[in-house]
Amino acid sequence: MTELQSGYGASPGIAIGHALRIEHNLTEVMEIAIPAEGIEDEISRFRCAVRLARQQLREIRNSIPGTTRADITDFIDTHLLMLEDSMLTLAPVELIRQRHCNAEWALKSQRDDLASVFDEMDDPYLRTRKDDVDHVVKRIMQNLLKQETLDANTINPDFKDSIILSHDLTPAETILLQHQGIAGFVTETGGPLSHTAILARNLGIPAITGCQISRSIQEGDLLIMDGETGQLIQCPTEAVVKDYQKRHRNEQRRRTSLNRLKDEPTITQDGIPISLNANIDRREDVRVARRYRADGIGLYRTEFLFMNRHDIPDEDEQYQHYCAVISSLRGMPLTIRTLDLGADKGAELLNHYTHQSNNPALGLRAIRLCLKHSDLFCAQLRAILRASAKGKVRLMIPMLSNDKELTAVLQMIEQVKDSLLASKIPFDDNIPIGGMIEVPAAALSSSLFARHLDFLSIGTNDLIQYTLAIDRMDDEVTYLYDPVHPSVLRLIQMTIDAGKSSDVPVSMCGEMASDTRYTRLLLGMGLADFSVPPSVLLEVKDVITNTDISKLDKIIPALLSCDNSADIKTHLKKISEL
């Protein structure tokens, strides 16, 4: 008998295999009083667990072939760096000394403090960085509790071609499971932005997250999973198995052929050129963007310069960093987004700039924070403008919502330019200045922004959340997160039309741009500039180069006139079949 379950399609691909459960049952941590004479032994126990975690991650890192892409190994490198961070290694030691508590409780307490900072972040991508904390803490905790972990040096034949069912998986476990030859995995937690999901996409492992895995699934049951739709099929019939085997073969052939697109121009079937750029967080991400022949960097998030440190990077440090990124790009254009932190959503070092907010998502963040604290903003503007003399740089402002903010930003940029001129410091006086459309008010006023800016970029993550009043990272309401809600599509169309009216380019850098289910829809709406994670560049390019936009002329208006998501999805299906 065939039974269906569903979750979030986190990494596309068809997998057919037998169920294998991996349980992570960490013992509930309780606070235990440690006598004074046992404090140093407890600290030593904690430090041993940290050293073992480093050793384990290094073994995993060393087990990864040298030819592996940097964006995959970076996940392990990030966790190794976190094991050197005082917030995870020194703070628990101080807590053990102060409270005379056990190491497990000190680690848990520090984890909870760090997690609360990430939980209050508004940007869904940044908020998932809490995953890194949890995964590193989990490994240390397993060592403290002497629990068994996956081994980089042991091959378990039971894993081969199986579908893993688990409450959650860390990036390190995901890499190890790929080495074991698993067919795919299903987890109960996480979403499409979790690091495990991102890594699964990079590794090409079909994955479903956020699935309430039925207890009726027994070890060894035959399963089929579709990482595109998020569908999990338990005990399929022979006919269903044959159908999915055929789909799997076709998908494998298609993926193999993607590499041929690297050096092909991004042009639609009817000859319309499309700009395909990459989103990055760090200089290291440039390597992947160049490998997949991105046209440029459409979004460079600068927040990570300010995180995991106790001091604010000054103008010179920021300038040197931006110059290093420009050098790595070798002539490719770079769009730098100014700081998008604040309102209790970010780095501890910014606490003195912010205040406690009852609703951080609607509080002092992004451009609001920067305009209130001009010293912070001016230092970054000076660094970006100075760097613009070294290459093709565009400056992008996040979270704009009204004309007063726009005027204040433009005036401040002119003041910084005057200051650089007076000091005879070179910069690009014609640097393009753009704004992000991620607030419904900004979309509704997009014609105003288009008249005063050089480009616009639609940030769909926030635009969708603010429009629908839902938190996409909250498992209780994620079912409401709908990129093709009629109101969302109308705001996107309004922004694209405003750009055309003012002859101002409009790009999209949110997750919707990287979801190939919506690529043709966006092309039909007139979007000609996509900015996506480097790992999906070729996937999006494949859809673009196989699309004839002229064939969408009748379907798109009909789709946009729909008042409910069900009718819209019917039209989307027609679009996908063209």
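Residues numbered from 1 in each chain as written. Predicted model: local features only at pLDDT ≥ 70, side-chain atom pairs only at ≥ 80, totals over all residues. Heavy atoms only, no water.

Novice: Quick question: what am I supposed to make of the overall build of the protein chain here?
Specialist: Within the protein chain, the regular secondary structure consists of 24 helices and 16 strands. Taken across its 578 residues, the protein chain has 57% of its residues classed as buried. Long-range contacts, defined here as pairs at least 24 residues apart, represent 70% of the contacts in the protein chain between residues at least 6 apart. (Helix = DSSP H or I, 4+ residues; strand = E, 2+ residues; numbered from the N terminus. Buried < 20%, exposed > 50% of the residue type's maximum accessible area, 1.4 Å probe, protein only. Contact = heavy atoms within 4.5 Å.)

Novice: Please explain the nonpolar core as it appears in this structure.
Specialist: Across soluble globular proteins, nonpolar side chains have a tendency to be buried as a group. Counting 100 residues, the largest nonpolar core has Leu 489, Ile 492, Leu 521, Met 525 and Phe 530 as the members making the most contacts within it. Counting residues per element, this core draws most heavily on helix α14 (residues 374-387), which supplies 7 residues. Here Leu 521 is in contact with Val 484, Leu 489, Met 512, Ile 556, Leu 559, Leu 572 and Ile 575, once residues within four sequence places are set aside. Leu 20, Val 50, Leu 176 and Leu 199 belong to the second largest nonpolar core, which has 50 residues in total. (Core = buried A, V, L, I, M, F, W, Y, C linked by side-chain atoms within 4.5 Å.)

Novice: How do you make sense of the pattern of salt bridges when you look at a structure like this?
Specialist: Oppositely charged side chains are able to pair whenever their charged atoms sit close together. The tally for this structure, following the rule as stated, stands at 29 salt bridges. The residue Arg 45 makes a salt bridge to Glu 104 at a minimum N-O spacing of 2.8 Å. One end of the pair, Arg 45, is in helix α1 (residues 39-63); the other, Glu 104, is in helix α5 (residues 103-119), with 59 residues separating them in the sequence. A relative accessible area of 31% means that Arg 45 is categorised as partly exposed. The residue Lys 108 makes a salt bridge to Asp 112 at a minimum N-O spacing of 2.9 Å. In this pair, Lys 108 and Asp 112 are both assigned in helix α5, 4 residues apart and thus about one turn of the helix distant. Since its relative accessible area comes to 27%, Lys 108 is described here as partly exposed. For Asp 112, a relative accessible area of 29% gives the class partly exposed. Salt bridges here are not isolated pairs; linked through shared partners, they connect Lys 108, Arg 111, Asp 112 and Asp 134. (Salt bridge = Lys/Arg side-chain N within 4 Å of Asp/Glu carboxyl O.)

Novice: For this particular structure, what's the right way to read the confidence of the model for the protein chain?
Specialist: In regions of low pLDDT, the predicted coordinates are not meant to be interpreted in detail. Within the protein chain, residue pLDDT values average 87, and 89% of them lie at 70 or more. Below a pLDDT of 50 lies the segment residues 343-349, which in the model reaches 32 contacts outside its immediate sequence neighbourhood of four places, other chains included. (pLDDT = per-residue confidence, 0-100.)

Novice: Can you walk me through unusual backbone geometry in this structure?
Specialist: Glycine aside, negative phi is the norm for most residues, and most peptide bonds take the trans geometry. A positive phi angle, close to 70°, is found at Met 399, a residue other than glycine. Position of Met 399 among the secondary structure elements: in the loop between β12 (393-397) and α15 (403-422). The exposure class assigned to Met 399 is buried, which follows from its relative accessible area of 1%. Positioned with a positive phi, Asp 503 is a non-glycine residue whose angle comes to about 55°.

Novice: Can you help me understand the environment of Ser 535 in this one?
Specialist: Looking at the secondary structure, you find Ser 535 in the loop between β16 (529-532) and α22 (537-545). With a relative accessible area of 23%, Ser 535 lands in the partly exposed category. When the C-alpha atoms of Ser 535 and Leu 199 are compared, they prove to be 9.5 Å apart, with 336 residues separating the residues in sequence.

Novice: Looking at this structure, how should I read the packing of aromatic side chains?
Specialist: What describes a pair of aromatic rings is the distance from one ring centre to the other and the angle between the planes of the rings. Tallied over the entire structure, the rule returns 1 aromatic pair. The ring of Tyr 319 has Arg 386 sitting right over it, with the charged end atom 4.0 Å from the ring centre. Sitting above the plane of the Phe 455 ring, Arg 394 keeps its charged end 3.7 Å from the centroid. (Phe/Tyr/Trp six-rings, centres within 6.5 Å; stacked < 30°, edge-to-face > 60°. Lys NZ or Arg CZ within 6 Å of the ring centre and 35° of its normal.)

Novice: Honestly, the pairing of strand β5 (residues 184-187) in this entry has me stumped. Any pointers?
Specialist: Looking along a regular strand, one sees the side chains alternate between the two faces of the sheet. Both faces of β5 are covered, namely the face carrying Gly 184 and Val 186 and the face carrying Phe 185 and Thr 187. Sheet topology places strand β4 (residues 162-166) next to β5; 4 bridges connect them, and they run parallel. Of the residues in β5, the one forming a bridge with Ile 164 is Phe 185. In this region the chain leaves β4, passes through helix α8 (residues 171-179) and returns to the parallel neighbour β5; the handedness of that crossover is right-handed. Relative to strand β6 (residues 207-209), β5 runs parallel, the two sharing 2 bridges. Counted as the bridge partner of Phe 185 is Ala 207 from β6. (Pairing = 2+ DSSP bridges. Right-handed = clockwise from strand over helix to strand, strands pointing away.)

Novice: How should I be thinking about the state of the cysteines in this particular structure?
Specialist: Applying the stated criterion across every chain, the model contains 0 disulfides. Lacking any disulfide linkage, Cys 378 is separated from the closest cysteine sulfur, that of Cys 370, by 9.9 Å. By relative accessible area, Cys 378 is classed as partly exposed at 24%. (Disulfide = S-S within 2.5 Å.)

Novice: Mind showing me how you'd approach helix α19 (residues 486-501) here?
Specialist: Quick reminder: α-helices carry 3.6 residues per turn. Residues three or four places apart thus point the same way. End to end, α19 covers 22 Å across 16 residues, agreeing with the expected 22 Å (1.5 Å per residue, within 8%). Residues of α19 that are buried include every one of Pro 486, Val 488, Leu 489, Leu 491, Ile 492, Gln 493, Thr 495, Ile 496, Ala 498 and Gly 499, and no others. Within two residues after α19, Asp 503 carries a phi angle of roughly 55°, on the positive side. (Expected span 1.5 Å × (residues − 1).)

Novice: Explanation requested: the packing of α8 against helix α9 (residues 195-203) in the structure shown.
Specialist: Describing two packed helices takes the angle between their axes plus the distance from one axis to the other. One can describe the packing of α8 onto α9 by two numbers: an axis separation of 9 Å at closest approach and a directional angle of 30°. One finds that α8 runs roughly parallel with respect to α9. Once α8 is placed against α9, the crossing between them reads as right-handed. Listed contacts from α9 to Pro 171, Thr 174, Ile 175 and Gln 178 of α8 are His 195, Thr 196, Leu 199 and Leu 203. Here the contact of α8 with α9 is composed, by residue class, of 4 nonpolar, 4 polar and no charged. (Axes fitted to C-alpha atoms, helices over the stretch in contact; angles between N-to-C directions. Parallel < 35°, antiparallel > 145°, perpendicular 65-115°, else oblique. Left-handed = near helix turned anticlockwise from the far one by under 90°. Nonpolar A, V, L, I, M, F, W, Y, C, P; charged D, E, K, R; others polar.)

Novice: Help me out: how do you make sense of the pairing of strand β7 (residues 222-226) in this one?
Specialist: Most of β7 is tucked away: 4 of the 5 residues are buried. Bridging between strand β3 (residues 14-22) and β7 involves 5 bridges; their strand directions are antiparallel. For Gly 17, the partnering residue across the bridge sits in β7 and is Leu 223. In terms of strand pairing, β7 meets strand β8 (residues 231-234) through 4 bridges, oriented antiparallel. Bridged to Met 225 within β8 is Leu 232. Joining the antiparallel neighbours β7 and β8 is a turn of 4 residues, in which Gly 230 adopts a positive phi near 80°.

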